[in-house]
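The residues making up each chain are set out below.
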Amino acid sequence: MSEPTGVIHDIGYQRYTGPRLGRRHVFGALYLHGLRTVFGLGRSAKAKIFPWLVVAIVTVVAAGVTAVRSQIGQVVMTYAQFADAMSWLVIFFVAVAAPELVSRDLRSGVLPLYFSRPLPRGDYAVAKLFSLMTALWLLLGAPQLVMFLGAAFTTDRGMGGVWDELLDLLPGLLYAALWAVVFASIGLLVASLTGKRAFAAGGIVAVFLMTAPVVGVLSIMPSRTVNELAFMASPSTLVGGVGNWALGDLLVPEGQGGGMPIGDFGPVYAATAVLLVATCVTLLLLRYRKVAAR
Amino acid sequence: MTLIATESLTKTYGGRVTALADLTVAVEPGIIGLVGANGAGKSTLIKILLGLLAPTSGRVSVLGLDPTSDPAAVRARVGYMPEHDALPPDLSAAELVTHLGRMSGLPRTVARERASEALRHVGLYEERYRPVGGYSTGMKQRVKLAQALVHDPDLLLLDEPTNGLDPAGRDAMLALVHRIGTEFGISVLVCSHLLGEVERICDTLVAIDGGRLLRADRIAAMTSATDVLAVEVSEGTEELATRLAALALPVTRDGRMLLVPLVDEGTYDQILGAVAELDLPLHRLDQRRHRVAELFAAREPSHV
């Protein structure tokens, strides 16, 4: 098109004979597009404000924790505790990101354009889900990496100290992944039910926050079993319960207290978390089966 | 090769509402007009062709493939332009069409190139970098057409492409569809409830009503026997009518025009001779097709 004479030549319609990529590539493209959408990349400046504000907050907190630790030589916050402490922010992040991923498409009616392409309808939902999970995991995991780097460079026990830090970091990252999987599944399911972003955001916050009082009520019931199972009533405390059981002193260091009294129900918590995620994903797929046929 | 073939295709929703009833039709490549009133089953048929809905019974094939058993293969070769608004307002046309090109399996750079090509073909140039939210209805329709074209399909399914357009916009859209069907070499199925609109650009016409096939045939076959010549003179219409009647031509009056059935080339000479002899100012003389609507008119009142 860069003719020096300024003449526009109409070369006519060109048929395409090159490669057409398969399902895996299309899925990957949709996944990356979703991940970019969550952080507002390739979108307006307005869409970037909130995600990057949250990223800034968690990074600053991580940097602060690291700085304090290197000064006073005491662990202020373990890697796993960091994920717990940031859970409120994660809730709001999900409430903004999930509607951005799915409600917007429902509202604008763009879905028929997706479903008239080779992409199977389940792939759309799963790609969006993976985008959100990855985004949440990065949100919780990247600051842990900052903390790790800080600790590794200030350790006074040489490579052995770095190795110990790494062994602490890995469970922390796994715990962050658990947060990401549970929150993304619930958040995306709620958001997929409505095309109105404000409703979706409200619904997500409601699911996470309104269940907290239920936990409170159940945990003061006059039955020890009910008390120990109470934390299953809310997604946040459910994840906390699983962490309590699986990570032990990585999440609740001895002497600090504040752990959840879940008794011997740890495996039950883990099973419930798995069941919850499976249910959410199944409902999400069913939802998109119905949407596609419209 | 048969482009689209259906055999006793039936679709009922919940066993009560019948959208398609025993529809058997086969069409050849070209520009196909699918006409019918609102609720005649046009959109249902398109969704079955795309494999988005499963037929209740009967068989269907598109480009020789079965959309019920292999929808991905069909959709890879078909482009679909939906009837309703389908564009996210905050994306630019270039971004949206590129993204949808990738969703059709185009590699990243190819998708970008073909997106700008497709947008250029539908007549969007610099505007394509602006958010779609600020577009006029006509521009939005063009973007919807471009996204159906981006992956170079063999068949385009256009659901009411002229919806919401003003007369000039309709003409431009129809000209574009005609160009895609002829110059680009892509078969097109155009859905419309306006018969007069699609008959201008189609090779084949399929009319459905209440989910049943009314008629499917090539336009040429429907109209060839009914061509008429329209003659208009600025004055002396009466004299000319008398003269033509004297020449044994069955003249009918239609407002200020005279309609004469076209028998062969000789008819032209007879009319021109008569006009010249009477020394009348000839305003126009052109061949006029009977509108296809007249072919359906006789059948349709039974449904009212």
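The model shown is predicted, which means the values in this text are computed figures rather than measured ones.

Next up on the list: the overall build of chain B. Counting secondary structure elements, chain B contains 11 helices and 13 strands. A total of 304 residues make up chain B; the buried ones form 41% of that total. Considering only contacts within chain B whose residues lie at least 6 apart along the sequence, 69% involve residues at least 24 apart.

When helices and strands are counted, chain A shows 12 helices and 0 strands. With the C-alpha coordinates of chain A rotated into their principal frame, the extents come out at 80 × 50 × 30 Å. A burial count over chain A gives 39% of its 294 residues as buried. Pairs at least 24 residues apart make up 76% of the contacts formed inside chain A by residues separated by at least 6 positions.

Where a protein is soluble and globular, its nonpolar side chains tend to be buried together. Counting residues in each nonpolar core, the largest one holds 150 residues, and the members touching the most others are A98, L132, L136 and W179 of chain A together with V97 and V190 of chain B. Take this core: its biggest share by element is 15 residues, from helix 7 (residues 158-191) of chain A. Apart from residues no more than four positions distant in its own chain, L136 of chain A is found in contact with V90, V94, W179, A180, F183 and A184 of chain A. Of all hydrophobic cores here, the second largest spans 8 residues; its members include V233, L244, L258 and V260 of chain B.

Residue and element names in this part refer to chain B. For strand 6 (residues 155-159), the buried fraction is high: 5 of the 5 residues fall into the buried class. Side-chain alternation along strand 6 places L155, L157 and D159 on one buried face and L156 and L158 on a second face that is also buried. Two strands pair when backbone bridges link them, and strand 5 (residues 78-81) and strand 6 are joined in this way by 4 bridges, in the parallel orientation. Within the sheet, the bridge partner assigned to V78 lies in strand 6 and is L155.

An α-helical turn contains 3.6 residues, so any two residues separated by three or four positions project in the same direction. A large share of helix 3 (residues 93-103) of chain B lies buried, amounting to 10 of its 11 residues. Buried residues in helix 3 of chain B make contact with helix 1 (23-38) and helix 5 (111-115) of chain A together with helix 4 (108-121) and helix 5 (137-149) of chain B.

Time to look at unusual backbone geometry. Residue and element names in this part refer to chain B. At D22, a position not held by glycine, the phi torsion is positive, near 50°. Tracing the backbone through its elements, the reader meets D22 in strand 2 (residues 17-27). Given 15 C-beta atoms within a 10 Å radius, D22 is considered partly exposed. Notably, A248 is not glycine yet its phi reads approximately 70°, a positive angle. By secondary structure assignment, the location of A248 is in the loop between helix 9 (237-246) and strand 11 (252-254). Overall, A248 belongs to the exposed group, with 7 C-beta atoms counted inside 10 Å.

Here we come to the packing of helix 4 (residues 87-108) of chain A against helix 8 (residues 197-209) of chain A. All names here are of chain A. The interhelical angle for the contact between helix 4 and helix 8, taken along N-to-C directions, is 140°, at an axis separation of 8 Å. Compared by their axis directions, helix 4 and helix 8 come out oblique. In this structure, the crossing between helix 4 and helix 8 has a hand that is right-handed. Here I91, V94, A95, V96, A98, P99, S103 and R104 of helix 4 lie close against helix 8, whose contacting residues are R197, A200, A201, I204, V205 and F208. Classifying every residue of the contact of helix 4 with helix 8 by side-chain character gives 11 nonpolar, 1 polar and 2 charged.

Before going further, it helps to examine the confidence of the model for chain A. Close inspection of predicted coordinates is inappropriate for parts of the model with low pLDDT. A residue-level look at chain A finds 93% of positions with pLDDT of 70 or above and a mean pLDDT of 87. Looking across chain A, the model is least confident in helix 10 (residues 224-229) of chain A, with a mean pLDDT of 83, and most confident in helix 1 of chain A, with 94.

Residue and element names in this part refer to chain B. Taking strand neighbours across the sheet as the criterion, the 6 strands line up as 5-6-7-3-8-9 in an open arrangement whose pairing is mixed. The open sheet terminates on both sides in strands that have one partner only, identified here as strand 5 and strand 9 (212-218). The average angle at which neighbouring strand axes cross in this sheet is 15°, direction not considered. Where strand 8 (residues 204-209) lies against strand 9, 6 bridges are found, and the strand directions are antiparallel. When the sheet's bridge partners are listed, D209 is paired in strand 9 with R212. Together, strand 3 (31-35), strand 5, strand 6, strand 7 (187-192) and strand 8 form the strand contacts of helix 1 (residues 42-50), whose direction differs from that of strand 6 by roughly 150°.

The next subject is the packing of helix 2 (residues 45-72) of chain A against helix 4 of chain A. Residues and elements named next belong to chain A. Following both chains from N to C, one finds helix 2 and helix 4 inclined at 165°, their axes separated by 10 Å at the closest point. Put simply, helix 2 runs roughly antiparallel to helix 4. Crossing angle aside, the handedness with which helix 2 passes helix 4 is left-handed. Here F50, V54, I57 and V58 of helix 2 lie close against helix 4, whose contacting residues are L89, F93 and V96.

Each side of the interface is counted separately: chain A has 32 residues, and chain B has 31 residues. Elements with a minimum of two residues in the side of chain A that touches chain B: helix 1, helix 4, helix 5 and helix 12 (266-293) of chain A. In terms of residues, the side of chain A that touches chain B owes the most to one element, helix 1 of chain A, which gives 5 residues. When the residues that make up the side of chain A that touches chain B are grouped by side-chain class, the tally is 17 nonpolar, 10 polar and 5 charged.

Moving on, we get to the environment of S69 of chain B. Residues and elements named next belong to chain B. Tracing the backbone through its elements, the reader meets S69 in the loop between strand 4 (57-62) and helix 2 (71-76). Taking the C-beta count within 10 Å as the criterion, S69 has 9 such neighbours and is therefore assigned exposed. Along the backbone, S69 and G51 are 18 residues apart, and their C-alpha atoms lie at a distance of 8.2 Å.

Residue and element names in this part refer to chain B. Taken together, the 3 strands give an open sheet; going across it, the order is 2-1-4, and neighbouring strands pair in antiparallel fashion. Either end of the sheet is taken by a strand with one partner, and the two such strands are strand 2 and strand 4. Recorded for the sheet is a direction-independent mean angle of 20° between the axes of neighbouring strands. Two elements, strand 1 (residues 4-13) and strand 2, share 7 bridges in a ladder whose sense is antiparallel. By the bridge assignment, T12 is partnered in strand 2 with T18. The strands touched by helix 1 are strand 1, strand 2 and strand 4; relative to strand 1, the strand with the most contacts, the crossing angle is about 115°.

This paragraph deals with helix 4 of chain A. Residues and elements named next belong to chain A. Between its first and last C-alpha, helix 4 extends 31 Å over 22 residues, near the 32 Å set by a 1.5 Å rise per residue. Taken as a whole, helix 4 carries its principal kink of about 40° at E100. Two residues or fewer after helix 4 comes G109, characterised by a positive phi angle close to 75°.

This next bit is on the confidence of the model for chain B. With 93% of its residues at a pLDDT of 70 or more, chain B shows a mean pLDDT of 86. Overall, residues 298-304 of chain B carries pLDDT values under 50, and its contacts beyond four positions in sequence, including any with other chains, amount to 3 contacts.

Calculation rules
- Residues numbered from 1 in each chain as written.
- Chains lettered and ligands numbered in written order.
- Predicted model: local features only at pLDDT ≥ 70, side-chain atom pairs only at ≥ 80, totals over all residues.
- Helix = DSSP H or I, 4+ residues; strand = E, 2+ residues; numbered from the N terminus.
- Buried ≥ 20, exposed ≤ 12 C-beta atoms within 10 Å, placed from the backbone.
- Contact = placed C-beta atoms within 7 Å.
- Core = buried A, V, L, I, M, F, W, Y, C linked by C-beta atoms within 7 Å.
- Pairing = 2+ DSSP bridges.
- Axes fitted to C-alpha atoms, helices over the stretch in contact; angles between N-to-C directions.
- Parallel < 35°, antiparallel > 145°, perpendicular 65-115°, else oblique.
- Left-handed = near helix turned anticlockwise from the far one by under 90°.
- Nonpolar A, V, L, I, M, F, W, Y, C, P; charged D, E, K, R; others polar.
- pLDDT = per-residue confidence, 0-100.
- Expected span 1.5 Å × (residues − 1).
- Bend = angle between axes of the 7 residues up to and from the residue.

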